[in-house]
Amino acid sequence: MTTSATSQDSNNTKSPLILVDGSSYLFRAYHVPYLQALSTADGQPTGAITGVLNMLGSLKKDYPNGNIIAIFDAKGKTFRNDMYPEYKANRPPMPDDLRTQIAPLHEIISAMGLPLIVNPRC
């Protein structure tokens, strides 16, 4: 899921603000069959990383003046659990081969110069 708003920069050109639901991108990429087979030489899964980076790359291409911010769910309970105790109650735990891709993905996104938000209160 992606949300955008438009502002104007000092050159009077449109610079959209693009908020990316990184967690949604991560799960979408993880469930792409041909990406599930990707891994490093030592067996570290990389398919979800590849998929997310491809989606971010498409956004950068489609919105070259865009200000892209990647936002990810934090690990653990959030205010949503306090408001609704059954929140995600029937959802299975995150697969280990997906969990191991989160930290490297965050590092790559930061290295790309994109702002990254992981807020435990959200």
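Above this text is the structure in question.
To keep things clear, this report deals only with the structure shown in the data block. Just so it is clear, the structure is predicted and the values come from calculations on it, not from any experiment.

1. Side note on the pattern of salt bridges
1) Next: A full pass over the atoms with the stated rule returns one salt bridge.
2) Next: In this structure, R99 engages D96 in a salt bridge whose closest nitrogen and oxygen atoms are separated by 3.8 Å. In this pair, R99 and D96 both sit in helix 5 (residues 96-99), three residues apart, roughly one turn of the helix.
3) Next: The exposure class assigned to R99 is partly exposed, which follows from its relative accessible area of 37%.

2. Considerations on the packing of helix 1 (residues 22-30) against helix 3 (residues 47-62)
1) Next: Running from N to C, helix 1 and helix 3 point in directions that differ by 125°, and their axes come no closer than 8 Å. Taken together, the axis directions place helix 1 and helix 3 in an arrangement best described as oblique. The interaxial crossing formed by helix 1 with helix 3 has right-handed handedness. Residue-level inspection shows Y25, L26, R28, A29 and Y30 of helix 1 in contact with helix 3, the latter providing A48, G51, V52, M55, L56 and L59.

3. A word on the pairing of strand 3 (residues 67-73)
1) Next: In the sheet, strand 2 (residues 14-21) pairs with strand 3 via five bridges, with the strands oriented parallel. Bridge assignment links L17 to a residue of strand 3, and that residue is N67.
2) Next: One ladder, built from four bridges, connects strand 3 with strand 4 (residues 116-119); its direction is parallel. Opposite A70, over in strand 4, you have L116 as the bridge partner.

4. Comments concerning the environment of Q44
1) Next: Mapped onto the elements of the fold, Q44 is located in the loop between helix 2 (33-36) and helix 3.
2) Next: Sequence separation between Q44 and D97 is 53 residues, and the spatial gap between their C-alpha atoms is 8.0 Å.
3) Next: Polar contacts involving the side chain of Q44 include one to the side chain of T100, which spans 3.1 Å.

5. Regarding helix 1
1) Next: Burial in helix 1 covers these residues: G22, S23, Y25, L26, A29 and Y30. Summarising the axial view, the buried residues of helix 1 lie within an arc of 160°, below the 170-degree limit, and thus occupy one face.

The rules behind these values
Positions within a chain are numbered from 1, following the residues in the order the chain's sequence is written. Given that this is a predicted model, residues contribute local features only at a pLDDT of at least 70 and side-chain atom pairs are listed and counted only at 80 or more, while totals for whole chains, interfaces and linings are drawn from all residues. For side-chain calculations, the full set of non-hydrogen atoms in the structure is used, while hydrogens and water are omitted. Counted as salt bridges are all cases of a side-chain nitrogen of Lys or Arg within 4 Å of a carboxyl oxygen of Asp or Glu. Secondary structure elements follow DSSP: runs of H or I of four or more residues count as helices, runs of E of two or more count as strands, with numbering from the N terminus. Burial classification: accessible surface area is computed with a 1.4 Å probe over protein chains only, and a residue below 20% of its type maximum counts as buried, one above 50% as exposed, and the rest as partly exposed. For helices, the axis comes from a line fit to the C-alpha atoms of the stretch in contact; other axes are also lines fit to C-alpha atoms, and the angle between any two N-to-C directions lies between 0 and 180 degrees. Between 65 and 115 degrees an angle is taken as roughly perpendicular, under 35 as roughly parallel, over 145 as roughly antiparallel, and anywhere else as oblique. We call a crossing left-handed when the near helix sits turned anticlockwise from the far one by less than a right angle, and right-handed when that turn is clockwise. Contacts are residue-level and defined by heavy atoms, with any inter-residue pair within 4.5 Å sufficient. Between any two strands, at least two bridges found by DSSP are needed for them to pair. Residues adjacent in sequence count toward polar contacts only when both atoms are side-chain atoms; beyond that, a polar contact is any pair of N or O atoms within 3.5 Å, and within protein one must be able to donate a hydrogen and the other to accept it. The arc in question is the one traced by the directions running from the helix axis out to the C-beta atoms.

Geometry only, nothing functional implied.
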